Amino acid sequence: MRPDLRVLAFVTVAGGFLLGFLDFVWIKWMPYPLAELGNSTATWAVAAFGFGYWVRSGWLWAALGAAALLVVAVPSYYLAAWLLQGDDLAVLWATTSLFWMALGVLTGVVFGIGGVWARGSGRRQVVGTALPAAVFFEEAARFAGRIGDPNYPSGVGWNVAIDIALGVLVVLLVGGSRRRQVLAVAVAVPLAALVRLAFAWVGGAV
């Protein structure tokens, strides 16, 4: 069934604005290690997944809406930085902002569709459920690589635990039966490796 486009547009714009604005607020005022969730690419990816899971009206609307949500979130984040911290407003149209918007389109499409798949059945349901866990697991692996590094806080191990816990929690919430939950966690591990490779490729390209 085709969703109400007015509702879809409102949720996309309002959700994107709140995601970006509150993300900056979270980073600025939450204590470490919880503040790191504001710097988390996984958090934004899971927001796109949640949008797709909510839409449940086909992959096209989920992909378009989730991509637009993340695009809106980028200038909203920098707007919050301008209002609350006095940052330069010119960053709104800087190359960095455009890069994050482009990345938001790609992420929104993939994870928006993943949210729709998570409501389905069979292999797609398992893969869709595994996607948000995969980005949290990948992020946990990155934090694990920083343990003992003097350039990072000594409590970075807490970030590893938080990301793993959030990845498992998402699977428990949307994974359905215990068998599907176990399969989703298992699939999330190789998917996390693919996400890591994608980050490495993007970093090299930039």
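Residues numbered from 1 in each chain as written. Predicted model: local features only at pLDDT ≥ 70, side-chain atom pairs only at ≥ 80, totals over all residues. Heavy atoms only, no water.

1. Quick notes on the layout of surface pockets
Phase 1 of the analysis: Here the largest pocket is characterised by a volume of approximately 980 Å³.
Phase 2 of the analysis: What lines the largest pocket is a set of 34 residues, and nearest its centre among them are Thr-41, Trp-100, Leu-103, Thr-107 and Phe-199.
Phase 3 of the analysis: Elements that contribute at least two residues to the lining of the largest pocket include exactly α1 (5-29), α2 (41-55), α3 (59-85), α4 (95-118), α5 (122-144) and α7 (178-205).
Phase 4 of the analysis: At 9 residues, α4 tops the list of elements feeding residues into the lining of the largest pocket.
Phase 5 of the analysis: Of the residues in the lining of the largest pocket, the class split is 24 nonpolar, 7 polar and 3 charged.
Phase 6 of the analysis: As a volume, the second largest pocket reaches approximately 150 Å³.
Phase 7 of the analysis: Leu-18, Leu-19, Leu-22, Asp-23, Trp-26, Leu-37, Gly-38, Thr-43, Phe-136 and Leu-166 together form the lining of the second largest pocket.
Phase 8 of the analysis: Looking at which element gives the most residues to the lining of the second largest pocket, the answer is α1, with 5 residues.
Phase 9 of the analysis: When the residues that make up the lining of the second largest pocket are grouped by side-chain class, the tally is 7 nonpolar, 2 polar and 1 charged. (1 Å grid on protein atoms, 1.4 Å probe; cavity = no way out; pocket = protein on both sides within 12 Å on 5 of 7 lines; lining within 4 Å. Points joined across faces, edges and corners; volume = space filled by probe spheres on them. Helix = DSSP H or I, 4+ residues; strand = E, 2+ residues; numbered from the N terminus. Nonpolar A, V, L, I, M, F, W, Y, C, P; charged D, E, K, R; others polar.)

2. Structural notes on the packing of α2 against α3
Phase 1 of the analysis: At their nearest, the axes of α2 and α3 sit 9 Å apart, and the two run at 145° to each other. Between α2 and α3 lies a crossing whose hand is right-handed. Where α2 abuts α3, its residues Trp-44, Ala-48, Phe-51, Gly-52 and Val-55 lie against Trp-61, Ala-62, Gly-65, Ala-66, Leu-69, Leu-70, Ala-73 and Val-74.
Phase 2 of the analysis: Classifying every residue of the contact of α2 with α3 by side-chain character gives 11 nonpolar, 2 polar and no charged. (Axes fitted to C-alpha atoms, helices over the stretch in contact; angles between N-to-C directions. Left-handed = near helix turned anticlockwise from the far one by under 90°. Contact = heavy atoms within 4.5 Å.)

3. A few points about α4
Phase 1 of the analysis: Counted at 1.5 Å a residue, the expected span for α4 with its 24 residues is 34 Å, and the 34 Å between its end C-alpha atoms agrees.
Phase 2 of the analysis: For α4, every residue scored as buried is listed here: Ser-97, Met-101, Leu-103, Gly-104, Gly-108, Phe-111, Gly-112, Ile-113, Gly-114, Gly-115, Val-116 and Ala-118.
Phase 3 of the analysis: Where α4 is buried, its residues contact α2, α3, α5 and α6 (156-174). (Expected span 1.5 Å × (residues − 1). Buried < 20%, exposed > 50% of the residue type's maximum accessible area, 1.4 Å probe, protein only.)

4. What to know about the packing of aromatic side chains
Phase 1 of the analysis: Under the defined criterion, the tally for this structure stands at 6 aromatic pairs.
Phase 2 of the analysis: Taken together, a centroid distance of 5.6 Å and an interplanar angle of 25° make the contact between Phe-17 and Phe-21 stacked. Linking Phe-17 with Phe-21, this pair stays in helix α1, spanning 4 residues, or about one helical turn.
Phase 3 of the analysis: Under the relative-accessibility criterion, Phe-17 is labelled partly exposed at 37%.
Phase 4 of the analysis: A residue is classified by how much of its surface remains accessible, and Phe-21, at 18% relative accessible area, is buried.
Phase 5 of the analysis: On the basis of an interplanar angle of 20° and a centroid distance of 6.1 Å, the ring pair of Phe-49 and Tyr-53 is categorised as stacked. Remark: Tyr-53 and Phe-49 occur in helix α2; sequence separation between them is 4 residues, near one turn of the helix.
Phase 6 of the analysis: Judged by its relative accessible area of 4%, Phe-49 falls in the buried class. (Phe/Tyr/Trp six-rings, centres within 6.5 Å; stacked < 30°, edge-to-face > 60°.)

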